Each structure stands twice: as structure tokens, then as C-alpha cells.
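Residue-level structure breakdown
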Amino acid sequence: MMKLPLFLLLISLVTQTSLSEVTISVTPTTLQKSGDIVTISWSNVDSPSKLDWLGLYSPPDSPHDHFIGYKFLSSSPSWKSGSGSISLPITNLRSNYSFRIFHWTESEINPKLHDHDHNPLPGTAHLLAESGVVVFEPGHGPEQIHLAYTDVEDEMRVMFVVGDGEERSVKWGERDGEWSRVSVARVVRYEREDMCDAPANGSIGWRDPGWIHDGVMKDLKKGVRYYYQVGSDSKGWSTTQSFVSRNGDSDETIAFLFGDMGTSTPYATFIRTQDESIATMKWILRDIEAIGDKHAFISHIGDISYARGYSWLWDHFFTQVEPVASKVPYHVCIGNHEYDWPLQPWKPDWAYAVYGTDGGGECGVPYSLKFNMPGNSSESTGTRAPATQKPLLFF
Ligand SMILES: [Fe+2]
């Protein structure tokens, strides 16, 4: 047997002792939909540091530095006692989650490892505990529902995401539960190879995006509230959603126009997210509810999620806008933060030096498949990736 030097043996014993002592638990362990809350509790953290942190991992076997996001344990009021808890909503990434607790101190900050705002990324040298797995239960229907116009005035498109490529439909009618029509959705997806560069095609940024379904409700009357569900009998249906159809006879247009919204995450991650988006969606939802049975639409004129190659931020974005986008068509133009990369075939001359890598290697592919807008402004990517839409916004 190999003899260990005494100091190594001591380090080994100390590590094993702390591993066995720190406890972590998560509840509940089964979730139904994006936004469901989990509470992660820990105890027995010895000599707590204000930089000790909780990492979110999906899938659960991700390497330590491939977290989805992190929160400092010091956000829990009782952290100095070595025990505490953090509650946060979880977004369904069509894969399980686990949670890990790490010890990290200021002396261990590596100035070379930092996020886009130059905040240091947390160190992973001292794992204290890892939770069991949190699962999204199947059968609760599609997520990320969003509407859009088609090129035909009496139609409404509905898009949504699920974790498999099996057939899904949209069923609709003028009364909730009385589904007079049904239409099968077409399905698309994209692969890691369709991304043009890192972080989008790297193991830190890439996650499986699921299957994107695209159904069309046809022969709609003008200015009528329709109810709909998306899904399938075998895999579950969404809750009932509703919208008011277009009305070409109306002399009134109600539109919400904005750009550069982004999304907000309940944790820190590799890039900055946009907490302001919470208020934007909140006030638009209030207005949509206030206008009752009038038709309205959204125009988000580019720079949509600011995912920039970190795939799960798209899932956060569509979860965040669903309360609005499932009620009114959510129209978009592609922006530099979805499209831009030096190898892209289309760009304004002046944009090259300023916005060269703003798309994070996505090269417009996630955007172009997650939305399906009227009109035809596609631009071939010159690779196996699907054609993308030309950027209209550069800010
Ligand atoms: Fe922007």
C-alpha cells in the first residue's frame, strides 16, 4: 500500500469530514411547470464565508464549472450560523436539476475567470455537498407558448416547446372546452452543430433546446375571443389560453412597441440578465387585461432575450413572456444580439467593428426557429444551419 505523507492524509481527512457533515436538501423534488418554486436548505457549514455559493446544475451530471447559475449562501439571513435556505423558481430545461454547495473565499478569486461585467466567476475547488435530483413531471403540457400573425388575416399562429418530437396539436373554439377545430403542429429543432461558435456551441453554453412546435389556427372570425389549448392526449395539454382575433374592420390599432428587453434570472450566471424586463412584462400584462376584448399586438424590435449563446436564457425568456405572448401575437425582428458574428453573411459595414461577436455564436439560428414571423426576409447561413432572418436592429 502506498504511504501518504501525513499532511496529505490530514487534508484528505478534513475534506472527507466536511463532505460528510454538510447537509443539503431540496423540496419538492418533483415539479410540474416552469416557475415552480424549490427550497434548498443546508446546515453544518463550518467557518462560513460570505462567498460560499449554491450552484444550479442541469443536467445534474454537469461539471462543477458548467452551472446554469449560482447564488451566494449569504443571501440567506442565517448564513453566518452555517445553516440556511434559498427558495427560487426553476425553469423547465427538459432535463433534471441538482444543486451543489461550494466553499469559496476572497483569497481564491481568480481574476482571469470573470463574467461579462468583470464579476469573478465562483471557484469550484471545495465541494461541500450535492443534492438529490429535481425532476419535472411529464404530462403537464407544452411550455413557452407564444402567438404570431401569419400572412393570412384570419389566422393565428401558436408556437410552443416540448421535450420530445412526438406529434402535438392546437385545438380551439369560441368557448373554453368546446374545441370546434384542431390542427396538427409542424415541428423543428436545431442542434449544437448549427451554432457557429462559442459559447453557443460549447459545453458551457449549449443545452438541448427541445422540440419547437408551430401550429396555425385558421378561419377565425374578426375581433372574436378564441380559446385554445396545445399538446396531445398522450403527453398532456396546456391549460386553456385565449386571444382576441384580428379585426380589419376596426379603426383602432393597439400595439406595444419596444426593443432590447432581455430576460431576468433568479440567480447570477455567466452574463448579465435584465431585471427591468420584469416590470416591462408586468405593465403590458396589466394593459392587456384592461383592454378586455380588443385586439392588440406586440412588436419587440430586436435584441430579444440576450441569451448570447447561453441556451437556457432563451427558456427563461419564453417562460417570462408567456403570460403576455399567449394572449397577444408577439412580433419580433432579429437584432445584433441574436445574429451578429464576424462570419455572418449580412451586416452593415459600420457594425463589424462595433458589434462583432454580439450573438455569442448563435448566428441567428435559435431566434429564427423559435419565432416564425410573416413575410420573407431569410438569409442563408451558408452552412447546414437553417436560414436566418436578416437583422433589422443594431443597438
Ligand atoms: Fe440592444
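Residues numbered from 1 in each chain as written. Predicted model: local features only at pLDDT ≥ 70, side-chain atom pairs only at ≥ 80, totals over all residues.

In the nomenclature of an unreviewed UniProt entry, the chain is known as Purple acid phosphatase N-terminal domain-containing protein of Salix suchowensis. The record held by UniProt for the chain lists under Subcellular location (unreviewed entry) the comment "Secreted". (UniProt positions renumbered as here; feature names shortened; annotations may be inferred.)

**Notes on the confidence of the model for the chain**
On average, residues of the chain score 91 in pLDDT, and 88% of them reach the 70 mark or higher. Note that pLDDT drops below 50 for residues 6-19; the model gives that stretch 3 contacts with residues more than four away or on any other chain. (pLDDT = per-residue confidence, 0-100. Contact = placed C-beta atoms within 7 Å.)

**Here's the deal with the pairing of strand E10 (residues 143-148)**
Counting buried positions along E10 yields 6 of 6 residues, so the element is predominantly enclosed. For E10 and strand E11 (residues 156-162), the ladder comprises 4 bridges, and the chain directions are antiparallel. Paired with His-146 across the bridge in E11 is Met-159. (Buried ≥ 20, exposed ≤ 12 C-beta atoms within 10 Å, placed from the backbone. Helix = DSSP H or I, 4+ residues; strand = E, 2+ residues; numbered from the N terminus. Pairing = 2+ DSSP bridges.)

**Section: the environment of Thr-269**
Considering the arrangement of structural elements, one finds Thr-269 in the loop between strand E19 (255-258) and helix H2 (276-291). Once the C-alpha coordinates of Thr-269 and Tyr-70 are considered, the two residues, 199 residues apart in sequence, prove to be 6.4 Å apart. In this view, Thr-269 contacts Ile-68, Gly-69 and Tyr-310; residues no more than four positions away in its chain are not counted.

**Some points on the sheet that holds strand E6 (residues 84-89)**
In a beta sheet, neighbouring strands pair by backbone hydrogen bonds and run either parallel or antiparallel. Read across the sheet, 3 strands follow the order E1-E3-E6 without closing on themselves; strand pairing throughout is antiparallel. Bordering the open sheet on either side are strand E1 (23-27) and E6, each of which pairs with just one other strand. Put simply, the sheet's adjacent strands are angled 15° from each other on average, direction ignored. Bridge analysis of E1 against strand E3 (residues 37-43) gives 5 bridges, and the strand direction is antiparallel. (Axes fitted to C-alpha atoms, helices over the stretch in contact; angles between N-to-C directions.)

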